[in-house]
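Structural characterization, general
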Amino acid sequence: MEWWKQTSIYQIYPWSFQDSNGDGIGDLPGIIRRLDQIQDLGVETIWFSPFYRSPGEDFGYDISDYTAIDPRFGTMEDCDKLIREIHKRKMKVVLDMVMNHTSDKHPWFIESKSSKDNPKRDFYIWKKGKNKKPNNWISMVGTSGWNYDKSTDEFYYSNFLSFQPDLNYRNPKVKKAMFGVLDFWLKKGVDGFRLDIFNSIYKDESFKDNPFSLRFFPTPDNHDEAFFQKKTYNLNLPESFLFAKEVRKHISKYKQKPFLIGEVSGSGKVLKSFLGEKADGLNLVFQFELIHFDYHAQFFKELLDKNEKEFPTPFTPTYVLGNHDQRRYIDRLGGDIRKAKVLSAFQFLARGIPVVYYGDEIGRKEGRISNFLGKDPIAKMNRFVPLFLSNLLGIYINRDNCRLPMLWDDGEGAGFTTGKSWLPVGKFLASDTVSGQKKEKNSLWNHYRSLFHLRKNSNVLREGSLHTKQISGSDVLCFERKLGDKVVTVYLNFGDKSWKELLPVNFNLLFSFGGADLREGKLELPGHSGMVTEFRLRK
Ligand code: NOJ
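Notes on the structure follow. Quick caveat: nothing in here was measured; it's all calculated off a predicted structure.

1. A word on the overall build of the protein
Along the protein, the regular secondary structure elements total 14 helices and 23 strands. In terms of overall dimensions, the protein is globule-like: its C-alpha atoms have a radius of gyration of 24 Å, near the 24 Å expected for 539 residues. For the protein, the spread of C-alpha atoms along the three principal axes comes to 80 × 50 × 50 Å. The proportion of buried residues among the 539 residues of the protein is 60%. Counting contacts in the protein only where the partners sit at least 6 residues apart, residues at least 24 apart contribute 67% of the total. Element-wise, carbon and sulfur atoms account for 52% of the exposed surface of the protein, whose accessible area totals about 22,000 Å². The averaged location of the 68 negative side-chain charges in the protein is 2 Å from the averaged location of its 81 positive side-chain charges.

2. Observations regarding the packing of aromatic side chains
Summed over all chains, the structure comprises 52 aromatic pairs. Where W15 meets F73, the ring centres are 5.5 Å apart and the plane angle is 85 degrees; that geometry is what we call edge-to-face. A residue pair is termed long-range when its members are at least 10 positions apart, and W15 in the loop between β1 (9–12) and α1 (28–41) and F73 in the loop between β4 (65–69) and α2 (76–88) qualify at 58 residues. Just as W15 is buried, F73 falls in that class too. By way of ring pairs, the aromatic residues F48, F51, Y52, Y66, W108, F123, F184 and W185 are connected into one cluster. The aromatic ring of F207 is capped on one face by K127, whose charged end is 4.5 Å from the ring centroid. Stacked on the ring of Y358, the Lys or Arg R328 has its end atom at 4.8 Å from the ring centre.

3. Focus: the site of the ligand
Near the ligand there are 13 residues, and of these D58, D196, H324, D325 and R399 occur at the shortest range. Side-chain polar atom of H101 to an oxygen atom of the ligand: 3.0 Å apart, as the coordinates give it. At a separation of 2.8 Å, an oxygen atom of the ligand approaches a polar side-chain atom of H324. For the ligand, the accessible surface in isolation is 300 Å², of which the surrounding protein chains cover 98%. In terms of residue class, the shell around the ligand is built from three nonpolar, three polar and seven charged.

4. Points about a positive patch on the surface
Taken together, K375, K380, R383 and K420 make up a surface patch of like positive charges. Turning to its location among the elements, R383 is positioned in the loop between α10 (377–381) and α11 (387–393).

5. Looking at the nonpolar core
If you look at the biggest cluster of nonpolar residues, it comprises 141 residues, and the most contacted ones within it are Y10, M99, W185 and F198. If you count residues domain by domain, this core takes at least three from each of domain 1 (3–104 + 168–201 + 234–454) and domain 2 (465–536). Those residues in contact with M99 that lie beyond four places of it in its chain are L167, Y169, M178, L182, L195, F198, I201, F243 and V247. With 13 residues, the next largest nonpolar core counts I471, V476, C478 and L503 among its residues.

6. Comments concerning the packing of α1 against α2
Where α1 meets α2, the axes come as close as 9 Å, and the angle between the chain directions of the two elements is 15 degrees. In terms of axis orientation, α1 runs roughly parallel to α2. In terms of crossing hand, the pair formed by α1 and α2 is left-handed. Of the residues in α2, those in contact with L28, P29, I31, I32 and L35 of α1 are D78, C79, K81, L82, E85 and I86.

7. Regarding the sheet that holds strand β8 (residues 154–157)
The three strands are arranged β6-β8-β7 in an open sheet whose pairing can be described as antiparallel. A strand with exactly one partner marks an edge of an open sheet, and here the two such strands are β6 (126–127) and β7 (146–149). Two elements, β7 and β8, share four bridges in a ladder whose sense is antiparallel. Looking across to β8, one finds that N147 is bridged to Y156.

8. Overview of the environment of W146
In this fold, W146 is placed in strand β7. Between the C-alpha atoms of W146 and D336, which are 190 residues apart in sequence, the distance is 44 Å. When sequence neighbours within four positions are dropped, the list of residues in contact with W146 reads I125, K127, K133, P134, N135, W137, F155, Y156, Y157 and F207. A polar contact is formed between the side chain of W146 and the side chain of N135, at a distance of 2.7 Å.

Each value, and the rule that gives it
Each chain carries its own residue numbering, running from 1 in the direction its sequence is written. Confidence filtering applies because this is a predicted model: local features only for residues at pLDDT of at least 70, side-chain atom pairs given and counted only at 80 or more, and all residues used for totals across whole chains, interfaces and linings. For side-chain calculations, the full set of non-hydrogen atoms in the structure is used, while hydrogens and water are omitted. Under the scheme used here, helices are H or I runs from DSSP no shorter than 4 residues and strands are E runs no shorter than 2 residues, and both carry numbers assigned from the N terminus. Restricting the calculation to C-alpha atoms gives the radius of gyration, and the globule rule supplies 2.2 Å times the number of residues raised to the power 0.38. When accessible area is computed with a 1.4 Å probe and restricted to protein chains, residues below 20% of their type maximum are described as buried, those above 50% as exposed, and intermediate ones as partly exposed. Only heavy atoms enter the contact rule, under which two residues are in contact if any of them lie within 4.5 Å. Only the protein chains shown count as covering a residue, and every accessible area follows the Shrake-Rupley method with a 1.4 Å probe. This count recognises Lys and Arg as positive and Asp and Glu as negative, with His and chain-terminal groups excluded. Just so you know, the charge point we use is NZ for Lys, CZ for Arg, CG for Asp and CD for Glu. Each Phe, Tyr or Trp ring, with Trp reduced to its six-membered ring, pairs with another whose centre is within 6.5 Å; inter-plane angles below 30 degrees give stacked pairs, above 60 give edge-to-face pairs, and intermediate values give tilted ones. Any Lys NZ or Arg CZ that is within 6 Å of a ring centre and within 35 degrees of that ring's normal is treated as a charge sitting over the ring. Note on terminology: near, applied to a residue and a molecule or strand, indicates that one of the residue's heavy atoms is within 4 Å of it. Within 3.5 Å is the distance limit for a polar contact, defined as a pair of N or O atoms, with the added protein rule that one can donate a hydrogen and the other accept it, and that residues adjacent in sequence qualify only through two side-chain atoms. Residue classes follow a fixed rule: Ala, Val, Leu, Ile, Met, Phe, Trp, Tyr, Cys and Pro count as nonpolar, while Asp, Glu, Lys and Arg count as charged, and any other residue, Gly among them, counts as polar. For patches, a residue must show more than 30% relative accessible area and have no salt bridge; joins then use 9 Å for like charges and 5 Å for nonpolar side chains, namely Val, Leu, Ile, Met, Phe, Trp and Tyr. The term salt bridge refers to a side-chain nitrogen of Lys or Arg lying within 4 Å of a carboxyl oxygen of Asp or Glu. We define the nonpolar core as a collection of buried residues of types Ala, Val, Leu, Ile, Met, Phe, Trp, Tyr and Cys that are connected through side-chain atoms lying within 4.5 Å of one another. Each domain's extent is set by a domain assignment, obtained either automatically or from a database. Lines fitted to the C-alpha atoms define the axes, with helices restricted to the stretch that makes contact. Angles between their N-to-C directions range from 0 to 180 degrees. Working rule for angles: under 35 degrees goes down as roughly parallel, over 145 as roughly antiparallel, 65 to 115 as roughly perpendicular, anything else as oblique. With the far helix as reference, a near helix turned anticlockwise by less than a right angle produces a left-handed crossing, and one turned clockwise produces a right-handed crossing. Pairing between strands is defined by DSSP: at least two bridges between the two strands are required.

The following block contains the structure:
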C-alpha cells in the first residue's frame, strides 16, 4: 500500500512554532532545532503552512515569490537543511501550495495590472464592468469577488481577499508557470503538497450570476452555499476536477511518490469528484466533519459508516480536528483532557489519515484576542463584531486565537522566543507545556505519543479494513480493524458512566487509557476511557 495512505500528518504553522533569533516570529532554524522532538512524538509527515516570500498580509497565504523563502523565516539554505534533516529522521515533508491566487505584490500581478495589453494581463481574471460589478459572485469571505482597478478601468477577481487576486488557469502559461513551481520543489525532494482552496481554481467562462440560496453562514465543510448564494459558477467547477487529475499525473513521475492533499469542501459527491472516480485525482482531501463533532458515540459511528460507504478502499478518508483557520478542539471540549484523549484516539484508530495541528498534542488553548485587535485580515474586516457575538453565532472570525505560539517549557516566552512574541504567549502553567507534559505519564502529550507510535507499529491500524459494531444502551463506540488473520478492536467510551462487557475470545491488550481495564476476559471502561485489543482469527 502506498506510503501516503498510511501516514500521519502534523501541521506546523511556521509563525508560531519556534523562534531562533529573538524576533518573536518562528523560523526554519527554530523548527530544525525541534525536529528530534517531533520525531520522538512519532510524527510521520510534516505539513508546513507557507514560508515563501510574502508581504504577510494573510500570513503567507499571499505569496509574492513561490521559489524564495521569506527572510522572516530564514534562507533557502535553511530550507534545504530542513528538508534534509526531516528526511534524515525518516519523516516526510509536505509544503502548502497556494495555486489559486498570488499576492497583489507578486511581480506577475504588478505587470498584469500595469496595462490592458501587458503580456501578463491574462495571468489573472479581468473584466469590464460598466459602472457596476461584472456579476454577483461573492468571495469565500462574503464580500464581492470583484475589485475595481481605476487605472485600467476593469475589475479583477479574487475568491478570497482583495489582495489575493485569482490566477487564470484558462491561460496555458499560468499552468506552465505553476507546474514549474511544483517541479522546483519536487526536485528539492519534497514529498507532497497541501493545495489551498483548490475548489476555487476554475471559474465559469460564462460569468453568469450565481443563483440565490437561503443559506448565509459557510461551514468548513460547506462553502458551496453561503452568503445567500449558491456558488454554481465560482466554486467546484468540473474543470477543477479535471485539473486535479492533471496535477496528480504531473507529480506522479517523481521518484519520491509525492501526494496531494486538497483543501476543498462540499458533499461526499464533490469530494469524490476531486479524488477522481478511479482514485486518479487528488490523493487525499481534508474532511472537516470533526470540526463540528458532537461528542457522542453515535456521531462517530455514523461518521465511520459514512466514510466506509462513500470512501471505501482505495480511497482514504482523513480526520481533521483542527488547523490554522479553526477554533482549537480543546476549547470545543471545554478544556476536558479526558475527552480530548477519547477524541484523539478516535482520530488515530479509524481507517484513514489523522491530521494533527501543532499544539493539539498538549491541548494548547485558544487565545481571547478580540476581533478589534486581531492581526488576521478576516478579523480586521470584521473588527466591530464583538468576540462574544461571533462565538455565540458559531462563526470563527479572529484566527489569531488558534495561532498562538507553541508552549515548549515554563521559561520566559514559553521556550518559543526570547523576544517579544508576534502573538501573545498568554498565561500558562508548566503542566501546559511540552516539557511539563513529557514528565507526566498520563499527560495528553504522552497519550498522543502512544497513539502516533501505536498506529505506526500496527499494520492492521494502518492498512486494515474497518467496520463498526452496534452497542446499544451506552455511549460506547466499538469498531474492528482487520488485516489477514489479525483483528484489532477499539472501544471508546464517550459517556460519563462506566461500561462492562465480557469478551468471548482471548485478547491481547494493545493500548488503554482513562482507567480502562481488562481482567480475565472482562472489560471495564470507566467514563471517557478507551481500549484497543488484538486477537488472531483461528484458521
Ligand atoms: C485557506 C487557508 O487555510 C487560509 O488560512 C487562507 O487565509 C486562505 N485559504 C487564503 O489562502
